[in-house]
Every structure is written in structure tokens, then in C-alpha cells.
Amino acid sequence: MNYKLLYNPFERFQERFLISVGTIALIIGALLAFYFQARFDGVLDLHFVSQVDLWQTFADQAINVACLSICLGALAFYMNKRTRIIDVLAVCLFARLPYYLLSIFNVNGVMVKISEEILKDPMGITTGNIAMPHLLLLLVFSGLSLIAIIWQLVLLYNGTKVTSNAKGTKYSILFVIAIIVAEILSKLLINQSINY
């Protein structure tokens, strides 16, 4: 198996393929989020809720991809004026793939129940007042969430680097700034969309 495809498929696949797979994944991700009551309410965020509308899950995904595309597109264009925005969009759509399956953890609202348990008794984790199966599920979810976030960031980093032909420390620093700006912007826009 070619493991490079897991962290840098952008050197091998054309933007049409990446956009097609990324768009299908976005749709499936939004449907999973609706079914399992999850909100991807930020570029790097996932929260489980007791109720969510289908339009909200699609709006979350669209806003996240748009914010990433704008911020990483600006970075890529700054690094190389010949960067094509369609390539950046392909990267942003495809890079979110590892994140979408995390919604499944809220089967039968279990993650919402765990959150409510923790809110009722914040010290319950240390005192043992939280059920062991819930604690184990929370640990597995936390570990897989961390892996998914890192994987997404690696894909975004490598993809933007390939599309802009960027190199060096300057690119790495600007990439971190672009991700932070995309996160803040996505949170603001998603919170704004909830109020309408």
C-alpha cells in the first residue's frame, strides 16, 4: 500500500477527482451530522446537540469549506500568483474527509448524554461517578478526534503546499495563521447563521 496517499494524495490525483470525492463526502457528512445530531460548527470543531436541522448541517459544511478555501486560497496566492483557486477548493473539500465519520459516535444520542453527565458533575471523571462504558467511549472519541484533526491539517498543509508550490518556514507560519483565521471566521459565520 502506498501510505503517501493517506497524507498527500494531491500529487497523484487531479482536482476533478478530489472535488468529486470531496463533494460526495461533504453531502454524506452533512447527512450523517443530521442523523447523529452533530454540528461541525467551526473548521476544527464538532459538537453534539439534542436537535439539529438538516439545513444547519449543510450550512456548517459549506461555511467551513468556504472559510478554508478563502484563507488558504489567499495564502496560496500570496506564495504563488499562478495558484488556481479550483485547486485550493479541491484540497479543502477533500481534506475534511477524515472528520465526517466522527458524527457516528452519537448513536442514540450517547455523546449528548455523556456531555450532560459531565456538566452535572464536572468532577465525575476523577471521582468515578461517570459510567465506565461512557468514560471509555469518551476516551476513544477524544483519541479519534485528535487523529482526525491532525489528519485534516496534514492534508490541508500538504495540499496547499502542492497547489502553490510553497516551501520553507514562512509557508508553515502563514499556514498556521490561515487556519486560525479560518477557524475564527467559520465560528462567526456559523453563529450568525444560527441567529437567522
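A quick note: this is a predicted structure, and the numbers were derived from the prediction, not measured.

(A) Just the nonpolar core, in detail. Counting residues in each nonpolar core, the largest one holds 46 residues, and the members touching the most others are L46, F48, L68, L72, M111 and L156. Elements with a minimum of two residues in this core: helix 2 (15-35), helix 3 (54-79), helix 4 (85-95), helix 5 (97-100), helix 6 (110-120), helix 8 (132-164) and helix 9 (168-194). Sequence-distant contacts of L46, that is, excluding residues within four places in its chain, are made with A38, R39, F40, D41, Y99, L102 and F141.

(B) Structural detail: the pattern of salt bridges. If you walk through the whole model with that rule in mind, you get 5 salt bridges. Where K187 meets D45, a salt bridge forms, and the shortest distance between an N and an O atom there is 3.5 Å. Linking K187 in helix 9 with D45 in the loop between strand 1 (38-39) and strand 2 (47-48), this pair joins segments that are 142 residues apart in sequence. We classify K187 as partly exposed; its relative accessible area is 25%. D87 serves as the salt-bridge partner of R84, at 2.9 Å between the closest nitrogen and oxygen. Note on R84: relative accessible area 40%, which makes it partly exposed. Among the residues examined, D87 registers a relative accessible area of 16% and is labelled buried.

(C) Representation of the side chain of D45 in the model. Judged by relative accessible area, which is 15%, D45 ranks as buried. Dropping the residues within four chain positions of it, D45 is found in contact with R39, F40, Y99, E183 and K187.

(D) Broad picture of the packing of helix 6 against helix 8. Helix 8 packs onto helix 6 with a crossing angle of 110° between their chain directions and a minimal axis gap of 11 Å. When the axes of helix 6 and helix 8 are compared, the pair comes out roughly perpendicular. Facing helix 6, whose interface residues are V110, M111, I114, E117 and I118, helix 8 presents H134, L137, L138 and F141. A per-class count over the contact of helix 6 with helix 8 returns 7 nonpolar, 1 polar and 1 charged.

(E) Representation of the state of the cysteines within the structure. Applying the stated rule across the entire model yields 0 disulfides. Here C67 stays free of any disulfide, with the sulfur of C71 as its closest cysteine sulfur at 6.4 Å. Overall, the relative accessible area of 9% leaves C71 in the buried class.

(F) Expanded view of helix 2. In a regular helix each residue adds 1.5 Å, so 21 residues correspond to 30 Å; helix 2 covers 30 Å between its end C-alpha atoms and thus fits that length. Within helix 2 the residues assigned to the buried category are E15, L18, I19, G22, A25, L26, G29, A30, L32 and A33. Each buried residue of helix 2 lies within a common arc of 160° when the element is viewed along its axis, so the set occupies one face. Residues R16, I24 and Y35 are exposed on helix 2 and point more than 90 degrees away from its buried face. Next to the buried residues of helix 2 lie strand 1, helix 3, helix 4 and helix 5. Q37 sits one or two residues past helix 2 and shows a positive phi near 55°.

(G) Geometry of the confidence of the model for the protein. Across the protein, the average pLDDT comes to 90, with 93% of residues at or above 70. Across the protein, element-level confidence peaks in helix 3 with a mean pLDDT of 96 and bottoms out in helix 7 (residues 124-127) with 58.

(H) Molecular detail of the packing of aromatic side chains. Under the definition given, this model contains 10 aromatic pairs. Taken together, a centroid distance of 6.2 Å and an interplanar angle of 40° make the contact between Y171 and F175 tilted. Linking Y171 with F175, this pair stays in helix 9, spanning 4 residues, or about one helical turn. The residues Y171 and F175 share a single accessibility class, namely buried.

(I) Spotlight on a nonpolar patch on the surface. Residues Y3, L6, Y7, V140, L144, L146, I147, I150, W151 and V154 make up a contiguous nonpolar surface patch of roughly 920 Å² in combined accessible area. Elements with a minimum of two residues in the nonpolar patch: helix 1 (4-7) and helix 8. Tallying contributions element by element places helix 8 first for the nonpolar patch, with 7 residues. Tracing the backbone through its elements, the reader meets L146 in helix 8. For L146, a relative accessible area of 52% corresponds to the exposed category.

So, how was this worked out
- Residues numbered from 1 in each chain as written.
- Predicted model: local features only at pLDDT ≥ 70, side-chain atom pairs only at ≥ 80, totals over all residues.
- Heavy atoms only, no water.
- Core = buried A, V, L, I, M, F, W, Y, C linked by side-chain atoms within 4.5 Å.
- Buried < 20%, exposed > 50% of the residue type's maximum accessible area, 1.4 Å probe, protein only.
- Helix = DSSP H or I, 4+ residues; strand = E, 2+ residues; numbered from the N terminus.
- Contact = heavy atoms within 4.5 Å.
- Salt bridge = Lys/Arg side-chain N within 4 Å of Asp/Glu carboxyl O.
- Axes fitted to C-alpha atoms, helices over the stretch in contact; angles between N-to-C directions.
- Parallel < 35°, antiparallel > 145°, perpendicular 65-115°, else oblique.
- Nonpolar A, V, L, I, M, F, W, Y, C, P; charged D, E, K, R; others polar.
- Disulfide = S-S within 2.5 Å.
- Expected span 1.5 Å × (residues − 1).
- Arc of directions from axis to C-beta.
- pLDDT = per-residue confidence, 0-100.
- Phe/Tyr/Trp six-rings, centres within 6.5 Å; stacked < 30°, edge-to-face > 60°.
- Patch = residues over 30% accessible without salt bridge, like charges linked within 9 Å, V, L, I, M, F, W, Y side chains within 5 Å.
- Areas by Shrake-Rupley, 256 points an atom, 1.4 Å probe, with all protein chains shown as cover.

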